[in-house]
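Results of the structural survey
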Amino acid sequence: MALANLVLPIVSLFKAAGINQARNALGGLNKEMGSLGGTIGRAAGAFAGFQALTSAQQFTVQAVDATQRFERNLLALNQVFEDMSPRIENFSKQVENYGLSQQQAAQASVFLGSVLKQYGFSVSESAGQTERLVTLAQDLATTYGYDVQDALLAITALFRGEYDPIEKFGVAMKQNEINAYLAAQGLGDLEGAELANAQATARLTLLFDRAGDSVGAFARASDTLYASQQRLNAVMGNLQVAAGAPLQEPLAKINNSLAELAQDMGPQVVQIFEALAQAVDVVAPLIEKAGRFVLNLIAPLQQLINILTGTFALALANIGMALDVVNAALSMLNKFLDATSSIFALVELRLKQFFAVLKDSPMAPLIDAFEWLVNNGMGVVKIFEKIGDEFTKAGDAARAAAGDFNQSEFGARQASSAARRVGSSAREAQEELDNMAAANSAWTDSWTAKAQAWAEANGTTLQALKESAIAGRTGAEETGTDYVGDFFRGMAEGVRKEAARGTLERLGATAGLIDKILGSSGWEEVFKRIVSSGKAGLKELQQEFNKTADGIDEMTKALEDAEKAQQALRDAAQKMIDDNVANLQAEYDRLKSVYDEMRKRADEFIRWSLDNVATVEILPNFDVQLGRFEAAIVSTIAGIQSELTSAVRSGLIFDNDYTTLKNWVQTESEALTKIAKDRDALAKRYALSESLISEYQKAIGGALRLTNLFGKLKDETEQRTVTEVTQGVVTLGNSLKEFGITVTRSYEETIQNVQDKTAGLLQGFRDMAQKSRDFASNLQKLKALGLDPMLFNQLIDAGVEAGGETAQALVDGGSETINEMNSIFDEINKLGAELGLDLGQTMYDTGKDMTYGLLDGIRSEQEQLYNLAVEMAQTFSQTFKDNFSVAIEAPVAVAKKAADDASAALEQAKGANVDALMQIEELIQGANKALEGPLSSVYREGVAGKLGAFEALKQDIISGQVTDLGGLTKGLTSADVKAIGTGTGGTNITNYYTIAPGNKLQQRDTLETLVSNTNANGSLASYGVKA
Amino acid sequence: MSHLEDEKVEVGFDLTSGYGPFLTLDDPVSGKLDDPDWTLGGTIFYDITEHVRAFSISRGRSNLFQQFPAGGASVEFNNHDRTFDPLYTGSPFYGQIIPNREIRITSGTAVQFTGWIDDWNLTYAPNGDSIAEAVATDATRLLAGRNLSASTPAAQTTGERINAILSSSDVDWSAGLRSIDIGSAQLSDYPIDANTNALNYLQQVAKTEPGNLFINKVGQITFQDRTVGPTSDSLIYLGGTGIPFSSVEVLYGSEVLYNQIVVSRLGGGTAVAVDSDSIGAYGIQNLTESDLLFDSDSQLVDLAVNYAAQYSQPEYRFNSVEVRVHKLDETDQDKMYGLEIGSICLITFTPNNIGDAITRYVEVIRVDHTATPEEHIIILGFKSLDYASLVLSDAEFGKLDTYSLSW
């Protein structure tokens, strides 16, 4: 105890010093006494603080709440300010002097930043303006006597176009001013988001302009009570956050653990909680009682020291008596503190035992959290109170839940038992405290007598001294006297015995030997001798004891217990193996069943699908089936895709196979469809060719028709404009005067041309021949020039030219004319044939002859396409069948392999070695035990590593993979364990030492180790394990 | 005494009671049935001369080669009592002071103008001297408002063509309102385009003749062909011993000097007649008449030669005279009131009574009246008749070697 450590040196000083030395030391004694008084005072203050635990708790709760809020603010801050969030975080820390706590500043920044972003400000702009606005809000609040929050609300209202709230902060603004401002900036025509941003910017500008008088108001008011109070609040707020931050993680763990417990454990945990609550109920008043006792003890002691300090001049004459009094008092205090230390040690021991029991329970995370709190200075009392509260809450929640009481019943009973032992120890401790109180009464009497003698020797009375002392006591003295008496009455020997038991246990004494020692009269002397002889002495004593009847009995009993434990261990090991075999058997049965079912369904599905779906038929006759071929393929493909979808949904094929098959089908269908389209196009070309050739023949034939040629030989007329001019002289009779006269007249005249129709007919043929030549020549030229085939066709449609007719003309022309005409006709016919050939070549580039050759060519091509389509369809069907079968067989094969693997694992598990399992279990228990004890961090790490290897090897043994530990035993180094363990060939233990692919945990551990090493020598910004 | 006592101004009002000569039952005069003087209603000419303060009439053309424009009249009424105020319900003609009222002006016993009122102009003077003016035009405006459909007329004389046009459904002109000569020129069957204005086409016919086409004093459309010559009986003597005129206007110069005549016809040729001497003396003075409707070029030649003969040399021509009718006795007044466009006058005039008197036959082409209570003046415009046609058996115009045989 810290207080004891302070007092004892003083006592030693007095004990060691002779009278003369004491006299010589008087000069420094005063100082020592003063120091002692201060120390005592601080101790009393500390215990008084204990009384104020509730308010301290309240502070803690508030700190936690504040920290939670701050954490939420930081999350929001990161979200709002993105990459600028570090700047704002830093800003929130700096504004403490501006009367805003970190949490308040962060909250306000998030508030303002969010609003600014909504009005189109960039993140960077929002960050800068937020800093200005937060400080402006404080300035406005300072100037106009409002809360900062009011100012922030007024500012955000301003952004929405609400101008009234900001008026109370001395800023008058109207919307028409904003409009005018924007118009002056040339922004009057903006709309939508741009307008909103421009307005917000304008409001911001005018706000800072018009609030100029307030800017810096808080700084100017720094010496005022308001500013100092604001700063104090900010500091306290930040302290709360700082104090609450470390508690967040453990409390979160507790909460999570309790939640999980309530969900997972159900009612059985209630028993644990109830028992523990009872223990806490007992322990808590005990500690409170101890605290009060200490307080009552210290108070008169402090008064005594004060008396002594104040009366040293008188004490010089009887210094020895005074020192005796002080010595007695300090000795008593020292004794009490030792006793109290033992009590707390006992309670803590029991608690650790309790926790140890719970460590194997689902409450382990909760216990971890508690341990963290203990190790980080929460103090036993707070822990108890916290445990009580939380457990009570959890117990209530657990009671409300329904569940299986039998499950984990054993653990619950163990926990309850441990809790009861805590309560029992506490009660024992209370008895000891009572004994100490009784002893204190005697000590008080003795002290009183000595004090009275000292007083008389110094010319005063004890009563005066008492009055002086009482004047400084608290009201607790009277009740404290009772506690002291009660305490000493039941405390001393039991506490010493218990402390001695612990010591003997640590030295290695068996329980029988310990009982023997403690049960002996004068056990304390025996104990002191044993302790002074150290471990070696105790070992010898233990050996001697083992030879005694009690020792033999104990050893016999221990042996029996060990045998029982060994058997229990064997039974447990065998059960593990049997359970594992049973589980593997069940898994194998399940997998086998799955495989059989998949095999059956796959066979059925393949048969049905291939019979009904994956067959593509090619239509043989293109000219009457146009479009149906393509439609048939599309329908078939759709059916295939539907079945593929069904197959993947039912698990008959894998997703990858489904995708591959679907893509393949799609590709093949496109190829087949293209062939179909080619066939259709070819058919159209065939029909077009037929029509075109027919039209051409018709055109050429029509042009040669004599009737048409003759029709052109009709009589012709010619329209001519005739202008007549008449000139002369006119003389009027009455005057004989002459006038020149000119008359002009223009008119249209039609001239009839009579033709030689025979000659005209011949000429018509000649003309037609020439035109046909020209026509063919021009078409060839046009072809060479790349004339569009359709235009070419139009030219053909136009024909050469129609002729006239008249049989009479032929008759009139005689045989010579007819012969010439026949000759010309033949020539034109030949030209037509050449033209047809050119036309076919131009149109399709496959022409054979003028007509039939062309069509035969097209038909030939169509047949080739048909054959190609048939071949492709057959290939498609066969390939699909093959691929489909393969795709379906793949998951079936996987299922079969899983079943086979399960079978092999089952057979292997059946050969698991019980002895090996027991051996590894012993190693595991040994490691666990070692970890429970005090270990250096390095040693603890090594043991923990080996424990992990043992656990891994245990799994290999249970699975039957490893039947021999290969010499693995306790006491080996980590390197040896690794070498031997991996030498067994076990998969688990090998993986334990190997960073297996996909083992994220191992990867992260390794990476963190690397990071730790790197950071020790440099700096590593960030790292991570790819998910 | 006002000279308007010889004048009468009548306006056609469609009144139903009161002022008009309506049938009145049980009245011994106006109550008789079948008496056309007393009607039940309809448009009736009302003599409103008592309200007339003055009138003027302008009819005929000023230029020989100009077509006859619409004749017009203006009558100024005393409107002190708001008789001619269209808004005054107390007016006996209330509701009828509106446009398109028929008006007729008579001097002596001869009607001088018949037309339709286009406007009522009201003038109110501060002293109460309110005036109403009725502005009227003759029936020319009716012809001007009608268009012809496309058609191919028959080859016919000018008079026949005019009658055919007037009788067409597009014009539908009353036969009682026509005074059409037969015409001397033969017209071709050249087609009439759709929407050809009726007045323009009729004036084209008249120009081909060439003759006078106008609305006469009583409102008839009148066509006078070129062959109608003057007669001694109707001859009016002006000046000398005849009706005195107060002033005379004479033209002598290039106003009507044309020595190159170019005439052409639709669907035909072009005839050009030139007087080389005149051209040599005065330079080329061109007169072009186009789009004539002759059916032969020979008619073109005749027209061109006659125009050349009449206008290729400068002549002394009486253009107009002013006669102060109110100074004349009743006989001369009646002669003056009886003049019409196309009337032949013989003017005798000795300028300043020096030398020989100048006499010229002229044809009236313009008659203007100005009548006020104080005076009535008629101004006559003329076309020279130096080459008037020979009229057989006429004491004056039947003299051989004096008058020409018309072409």
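Note that the coordinates shown come from a computational prediction; the quantities given were computed from them, not determined experimentally. (Residues numbered from 1 in each chain as written. Chains lettered and ligands numbered in written order. Predicted model: local features only at pLDDT ≥ 70, side-chain atom pairs only at ≥ 80, totals over all residues. Heavy atoms only, no water.)

Turning our attention to the confidence of the model for chain A. Residue and element names in this part refer to chain A. Mean pLDDT over chain A works out to 66, with 48% of the residues at or above the 70 mark. Per-element averaging of pLDDT across chain A places helix H1 (residues 2–16) at the bottom with 33 and helix H34 (residues 974–983) at the top with 89. Contacts of residues 468–491 to residues separated by more than four positions or lying in other chains number 85 contacts, the stretch itself having pLDDT below 50. (pLDDT = per-residue confidence, 0-100. Helix = DSSP H or I, 4+ residues; strand = E, 2+ residues; numbered from the N terminus. Contact = heavy atoms within 4.5 Å.)

Here we come to the interface of chain B and chain A. Taken together, the contact between chain B and chain A spans 19 residues of the former and eleven residues of the latter. Of all residues in chain B, B:Thr270, B:Val272 and B:Val305 bury the most surface against chain A, accounting for 32% of the area lost on that side. Summed over the shared surface of chain B and chain A, the number is one salt bridge. Among the elements that take part in the side of chain B that touches chain A, helix H5 (residues 297–311) of chain B stands out by supplying six residues, more than any other. (Buried area = accessible area lost by both parts, 1.4 Å probe. Salt bridge = Lys/Arg side-chain N within 4 Å of Asp/Glu carboxyl O.)

All names here are of chain B. Of all seven residues that make up strand E4 (residues 72–78), five are buried, and the element is covered over most of its length. In this structure, strand E3 (residues 52–60) lies alongside E4, joined through six bridges in antiparallel fashion. Paired with isoleucine 57 across the two strands is alanine 73, which belongs to E4. Pairing of E4 with strand E7 (residues 131–137), which is carried by seven bridges, proceeds in the antiparallel orientation. Across the sheet, residue phenylalanine 77 finds its bridge partner in E7, namely alanine 132. (Buried < 20%, exposed > 50% of the residue type's maximum accessible area, 1.4 Å probe, protein only. Pairing = 2+ DSSP bridges.)

Glancing now at the environment of A:Ser885. Residue and element names in this part refer to chain A. Tracing the sequence through the fold places serine 885 in helix H31 (residues 852–910). The exposure class assigned to serine 885 is partly exposed, which follows from its relative accessible area of 22%. Sequence-wise, serine 885 and phenylalanine 605 are 280 residues apart; in three dimensions their C-alpha atoms are separated by 9.6 Å.

Before going further, it helps to spend a moment on the packing of aromatic side chains. The relation between two aromatic rings is expressed through the spacing of the ring centres and the mutual angle of the planes. All names here are of chain B. In total, this model carries 21 aromatic pairs over all chains according to the counting rule given. Relative to tyrosine 258, the ring of phenylalanine 65 lies with its centre 5.4 Å away and its plane at 90°, an arrangement referred to as edge-to-face. Separated by 193 residues along the polypeptide, phenylalanine 65 in the loop between E3 and E4 and tyrosine 258 in the loop between strand E16 (247–251) and strand E17 (260–265) bring together distant segments of the chain. What links up through ring pairs into an aromatic cluster is the set Phe13, Tyr46, Phe77, Phe84, Phe93 and Trp120. The side chain of arginine 104 reaches across the aromatic face of phenylalanine 45, ending 4.1 Å from its centre. (Phe/Tyr/Trp six-rings, centres within 6.5 Å; stacked < 30°, edge-to-face > 60°. Lys NZ or Arg CZ within 6 Å of the ring centre and 35° of its normal.)

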